[in-house]
Amino acid sequence: MSDKLADWTKGAEAIVYQSCGACGNVQYFHRRFCAACGAPDPVEKRAGGTATVYATSLVCRAATPETRAHVPYNIVLVDAAEGFRMMAHGDNDLAIGDNVTASYRPFAGRLVPYFEKTR
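- As annotated in an unreviewed UniProt entry, the chain carries the name OB-fold protein and comes from Bradyrhizobium algeriense.

Below you can see the structure in the form of structure tokens.
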């Protein structure tokens with residue numbers, strides 16, 4: 001649909017999530033229905049980009065030739081201020097519980113969310 005908000009998966013510097021008008025549930029993986037209550041057509045919203053690190057994993061071995069130039073790189077799970085959890089890239093020194101803010105950086109030919117400690 002043309003009324004969809006563009007996010008990083010489409011090359012925009014934004015993180016888009018969904019919010020259910022019926023039950024208030026928030027979800028990051030886009031669906032045509034609310035994963036909690038089944039209501040149709042959750043509303044798309046842009047996230048503010050602040051989060052807390054839930055988990056972190058430093059990747060020291062390239063999975064593909066395209067990622068070899070980035071090794072080592074950190075994959076993080078973050079809990080966004082809006083209430084959803086997502087996977088992204090982040091500074092190598094991030095720790096569980098760190099408050100972080102999103103920016104966007106190129107990685108293996110694509111623009112991806114990248115989290116750094118909030119200053």
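**Brief notes about the sheet that holds strand β2 (residues 26-27)**
Moving on, step 1. In space, the 3 strands of this open sheet follow the order β2-β1-β3, with antiparallel pairing throughout. Strand pairing shows two members of the sheet lacking a second neighbour, β2 and β3 (43-46), which therefore form its edges.
Moving on, step 2. Here strand β1 (residues 16-19) runs beside β3; their pairing, made up of 4 bridges, is antiparallel. From the neighbouring strand, Val 16 faces β3, where its bridge partner is Arg 46.

**Observations concerning the nonpolar core**
As a rule of thumb, nonpolar side chains are buried together in soluble globular proteins.
Moving on, step 1. Trp 8, Ile 15, Val 78, Phe 84, Met 86, Val 100 and Phe 115 are the most contacted members of the largest nonpolar core, which has 22 residues in total.
Moving on, step 2. Elements that contribute at least two residues to this core include exactly β4 (50-59), β5 (73-80), β6 (85-90), β7 (99-107) and β8 (110-117).
Moving on, step 3. Not counting the four nearest positions on each side in its chain, Phe 84 is found in contact with Ile 15, Tyr 17, Val 26, Gln 27, Tyr 28, Ala 47, Val 78 and Asp 79.

**Description of the side chain of Asp 98**
Moving on, step 1. Summarising the element assignment, Asp 98 is placed in the loop between β6 and β7.
Moving on, step 2. Buried and unpaired, Asp 98 has no salt bridge, with Lys 117 as the nearest side chain of opposite charge at 4.0 Å.
Moving on, step 3. A distance of 2.8 Å separates the side chain of Asp 98 from the backbone nitrogen of Ala 95, its partner in a polar contact.
Moving on, step 4. In this structure Asp 98 touches Ala 51, Thr 52, Val 53, Asp 93 and Lys 117, once residues within four positions along its chain are discounted.

**Here we look at the pattern of salt bridges**
Moving on, step 1. Within this structure, the stated rule accounts for 3 salt bridges.
Moving on, step 2. Arg 119 is paired through a salt bridge with Glu 116; the nearest N and O atoms lie 3.9 Å apart.
Moving on, step 3. Residue classification places Arg 119 among the exposed positions, given a relative accessible area of 85%.
Moving on, step 4. Among the charged side chains, a network of salt bridges with common partners joins Arg 105, Glu 116 and Arg 119.

**A look at the pairing of β5**
Moving on, step 1. Strand direction decides the pairing type here: β4 and β5, joined by 8 bridges, are antiparallel. If you follow Ala 55 over to β5, its bridge partner there is Leu 77.
Moving on, step 2. Sheet analysis places β5 next to β6, joined by 6 bridges and oriented antiparallel. Pairing of Asn 74 across the sheet is with Gly 90, part of β6.
Moving on, step 3. What sits between the antiparallel neighbours β5 and β6 is a turn of 4 residues, in which Gly 83 has the positive phi angle 110°.

**A short note on the sheet that holds β7**
Moving on, step 1. Taken in spatial order, the 5 strands close into a barrel running β4-β5-β6-β8-β7, and their pairing is mixed. Taken over all neighbouring pairs, the strand axes of this sheet differ in orientation by 45° on average, direction set aside.
Moving on, step 2. Where β4 and β7 come together, 3 bridges link them in antiparallel fashion. Paired with Ala 51 across the strands is Val 100, a residue of β7.

What counts, and at which threshold
- Residues numbered from 1 in each chain as written.
- Predicted model: local features only at pLDDT ≥ 70, side-chain atom pairs only at ≥ 80, totals over all residues.
- Heavy atoms only, no water.
- Pairing = 2+ DSSP bridges.
- Helix = DSSP H or I, 4+ residues; strand = E, 2+ residues; numbered from the N terminus.
- Core = buried A, V, L, I, M, F, W, Y, C linked by side-chain atoms within 4.5 Å.
- Buried < 20%, exposed > 50% of the residue type's maximum accessible area, 1.4 Å probe, protein only.
- Contact = heavy atoms within 4.5 Å.
- Lys, Arg positive; Asp, Glu negative; His and termini not counted.
- Salt bridge = Lys/Arg side-chain N within 4 Å of Asp/Glu carboxyl O.
- Polar contact = N/O pair within 3.5 Å; in protein donor to acceptor, adjacent residues only side chain to side chain.
- Axes fitted to C-alpha atoms, helices over the stretch in contact; angles between N-to-C directions.

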